[in-house]
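# Coordinate analysis (summary)
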Amino acid sequence: MPVKLSNASLQDLPAAVQRPTYDRSALTPGIVHIGLGNFHRAHQAWYLHRLMQQGEALDWAIIGAGVRPGDEEQRKRLAAQDYLTTLIELDPAGRAAEVIGPMIGFVPVEEDNAPLIAQMADPAIRIVALTVTEGGYYIDPVTKGFDAVHPDIVHDAANPDQPRTAFGAMIAALKRRRDAGTGPFTGQSCDNLQGNGAILRQTIVSLARLSDPDLADWIDANCSFPNAMVDCIVPATGPKELALAQDIGISDAAPVTHENFRQWVIEDDFCAGRPDWDKAGATFTSNVHAYEAMKIRLLNGGHQLIADAGDILGLDTIADCMVHPQIRPFFRKVAEVEIAPHVAAVPGVTPLAYIDLVERRFANTQIVDTVRRVAFDGSSRHTGFLLPVARAALAAGTPVEGLALSQALWARMCEGTREDGSAIAPNDPIWADLTAAATAARDKPVAWLKQRELYGDLAEDARFRDSFIRWMGLIHHDGTEAALAIYLES
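Residues numbered from 1 in each chain as written. Predicted model: local features only at pLDDT ≥ 70, side-chain atom pairs only at ≥ 80, totals over all residues. Heavy atoms only, no water.

### Here's the deal with the sheet that holds strand β2 (residues 29-34)
Taken in spatial order, the five strands line up as β6-β3-β2-β7-β8 in an open sheet, and their pairing is parallel. Only two strands of the sheet have a single neighbouring strand rather than two, namely β6 (103-106) and β8 (186-189). In this sheet, neighbouring strand axes are inclined to one another by 25 degrees on average, regardless of whether the strands run parallel or antiparallel. Note that strand β3 (residues 61-65) and β6 share three bridges and pair parallel. The residue bridging isoleucine 63 from the neighbouring strand is glycine 105, located in β6. Strands in contact with helix α2 (residues 44-53) are β2 and β3; relative to β3, the strand with the most contacts, it is inclined by about 155 degrees. (Pairing = 2+ DSSP bridges. Helix = DSSP H or I, 4+ residues; strand = E, 2+ residues; numbered from the N terminus. Axes fitted to C-alpha atoms, helices over the stretch in contact; angles between N-to-C directions. Contact = heavy atoms within 4.5 Å.)

### Quick look at the nonpolar core
Grouped together as the largest cluster of nonpolar side chains are 85 residues, with contacts concentrated most on Ile306, Phe331, Ile339, Phe362, Leu405 and Trp448. Among the elements that line this core, the one with the most residues is helix α10 (residues 288-312), at eleven residues. In this structure phenylalanine 362 touches Ile233, Leu299, Gly302, His303, Ile306, Ile318, Ala319, Met322 and Phe331, once residues within four positions along its chain are discounted. Grouped together as the second largest cluster of nonpolar side chains are 38 residues, Ala65, Leu116, Ile153 and Phe225 included. (Core = buried A, V, L, I, M, F, W, Y, C linked by side-chain atoms within 4.5 Å. Buried < 20%, exposed > 50% of the residue type's maximum accessible area, 1.4 Å probe, protein only.)

### Quick word on the sheet that holds strand β13 (residues 283-284)
What the three strands build is an open sheet, ordered β9-β12-β13; its pairing is mixed. What marks the edges here is a single partner per strand, and that holds for β9 (228-231) and β13. Pairing analysis gives two bridges linking strand β12 (residues 263-266) to β13, with the strands arranged parallel. By the bridge assignment, isoleucine 266 is partnered in β13 with phenylalanine 284.

### With respect to the packing of aromatic side chains
All chains considered together, the criterion is met by ten aromatic pairs. When the ring of tyrosine 137 is compared with that of phenylalanine 167, the centres are 5.5 Å apart and the planes differ by 45 degrees; the resulting orientation is tilted. Residue tyrosine 137 is found in the loop between β7 (127-130) and α5 (151-158), and its partner phenylalanine 167 is found in helix α6 (residues 166-180); the two are separated by 30 residues along the sequence. Here tyrosine 137 and phenylalanine 167 have matching classes, each one buried. With 5.1 Å between their ring centres and 90 degrees between their planes, tryptophan 410 and tryptophan 448 make a pair best called edge-to-face. Of this pair, tryptophan 410 sits in helix α16 (residues 401-413) while tryptophan 448 sits in helix α18 (residues 446-449), and the two are 38 residues apart along the sequence. Overall, the relative accessible area of 2% leaves tryptophan 410 in the buried class. Using a relative accessible area of 0% as the deciding quantity, one classes tryptophan 448 as buried. An aromatic cluster is built from Trp46, Tyr47, Trp264, Phe270 and Trp277, whose rings are joined through pairwise contacts. A cation over an aromatic ring shows up here: arginine 262 above the ring of tryptophan 46, its NZ or CZ 3.9 Å from the ring centre. Taking the ring centre of tryptophan 471 as reference, the NZ or CZ of arginine 470 above it sits at 5.8 Å. (Phe/Tyr/Trp six-rings, centres within 6.5 Å; stacked < 30°, edge-to-face > 60°. Lys NZ or Arg CZ within 6 Å of the ring centre and 35° of its normal.)

### Focus: the packing of α16 against helix α20 (residues 462-478)
One way to put it is that α16 packs onto α20 with a least axis distance of 8 Å and a crossing angle of 50 degrees. Taken as axis vectors, α16 and α20 run oblique relative to one another. Handedness of the crossing formed by α16 with α20: right-handed. Facing Glu401, Leu403, Ala404, Leu405, Gln407, Ala408, Leu409, Ala411 and Arg412 of α16, the residues of α20 in contact are Phe464, Ser467, Phe468, Arg470, Trp471, Met472, Ile475 and His476. Tallied by class, the residues present in the contact of α16 with α20 amount to eleven nonpolar, three polar and three charged. (Parallel < 35°, antiparallel > 145°, perpendicular 65-115°, else oblique. Left-handed = near helix turned anticlockwise from the far one by under 90°. Nonpolar A, V, L, I, M, F, W, Y, C, P; charged D, E, K, R; others polar.)

### A few points about unusual backbone geometry
A positive phi is found at alanine 57, a non-glycine position, where the angle reads about 60 degrees. Position of alanine 57 relative to the elements: it lies in the loop between α2 and β3. In this structure, lysine 144 takes a positive phi of about 65 degrees despite not being glycine. Structurally, the position occupied by lysine 144 is in the loop between β7 and α5. Residue lysine 144 is classed as partly exposed on the basis of its relative accessible area, which comes to 38%.

### Considerations on the side chain of aspartate 231
Here aspartate 231 shows up in strand β9. Judged by relative accessible area, aspartate 231 falls into the buried class, the value being 1%. Side chain to side chain, aspartate 231 and tyrosine 354 meet in a polar contact 3.5 Å long. (Polar contact = N/O pair within 3.5 Å; in protein donor to acceptor, adjacent residues only side chain to side chain.)

Take a look at the structure:
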């Protein structure tokens with residue numbers, strides 16, 4: 001029978017499963033992590049676990065946190081197994097499992113976020129980290145400025161002691177720390193945003209300024225917000241993943257599967273100290289931008305290139321897309337010809353070598369990474385990953401045909417039906433608006449580009465607009481595969 005995961009059962013796990021060698025009862029907290037999902041546990045928590053396995057960073061244990069009702073269910077699941085997590089590495093060469101234990105608590109999720117504020121106000125907490133998705137930072141997608149009129153922000157500005165957002169809770173905790181003289185903490189974004197630390201600073205300081213300008217100035221002067229690039233493909237957990245853990249011999253209510261690759265590149269800017277993550281394989285550098293630009297444009301952008309086409313054609317996983325006769329070469333051509341010219345090399349890796357790496361990772365058949373997961377929140381991901389490259393290419397006079405085609409594919413997907421007639425369930429926070437624009441684009445393609453909150457003035461660029469209109473017409477007249485074939489032959 002599978003062993004129910006807990007501190008008491010660690011020694012009963014199957015012999016092949018690695019487990020903590022450190023005394024978890026001796027751990028003390030140093031980090032609060034908001035948005036404690038699969039990616040955090042397979043990535044940042046894993047790096048900390050590796051340090052603890054070396055006998056280091058025992059005073060940097062993680063307290064999980066969340067601000068959504070669903071986070072309370074996650075808290076209950078993890079609390080029932082002493083906050084342990086089974087990580088299952090999936091690779092064509094074989095699988096491996098380990099149990100990690102750097103997390104020692106999870107803040108109760110309440111509407112006014114009072115427990116979260118109190119936890120972050122504790123002087124022992126020196127880092128507050130976040131994975132709240134690319135679309136969770138209240139950014140205007142065109143100007144990249146702070147969205148001060150969002151209802152959540154309006155609420156937190158009017159009710160700073162009972163905030164609705166993670167950022168409002170961070171501000172309330174920092175106010176307590178300032179008033180008590182216990183000093184600031186580092187705010188650490190772990191989301192796929194270029195300049196994620198700078199964006200987190202913008203959100204925190206701008207929100208604080210709406211209710212307390214003096215506090216905003218104190219945060220801006222004293223807190224640090226390091227930029228970072230994070231990378232590991234981590235699918236969502238469903239029945240298959242739960243069964244896989246059971247098959248290994250572990251009863252885990254929240255196991256995590258992941259690929260055999262991790263990368264974490266961090267700006268060394270921590271106002272209240274940090275773990276020595278570099279001893280576990282992370283890279284500290286003053287040039288995070290080059291690493292994050294390569295990853296965001298080629299890997300995250302590459303995901304958007306293939307996921308929308310895959311969804312339209314009824315493919316289930318990213319690996320399925322990579323065996324499709326048009327989708328894989330579409331990814332390769334756009335990445336090499338249209339994106340790579342706008343990506344700088346980083347130490348030891350050229351853009352073309354990185355494309356080779358990404359192609360192998362996407363093709364990993366052991367990773368059941370769904371097209372739906374990757375295509376989620378295209379309104380944030382396309383505007384963050386692909387449209388900046390399109391703008392750079394237009395400015396430089398380099399090709400944009402494939403990038404324009406990617407937008408036509410996204411528009412077609414947002415109509416809400418596949419080419420076989422089956423429905424695509426809503427998959428974006430602004431799905432209704434996207435579907436309306438996509439439906440209008442059937443007869444008048446430029447209607448899609450007229451979404452200025454996404455495209456700004458791109459509809460006024462004749463080269464991009466005309467290319468998009470041509471691809472939109474081809475997709476509707478001849479189908480997705482035909483449009484991809486024409487692009488590949490050009």
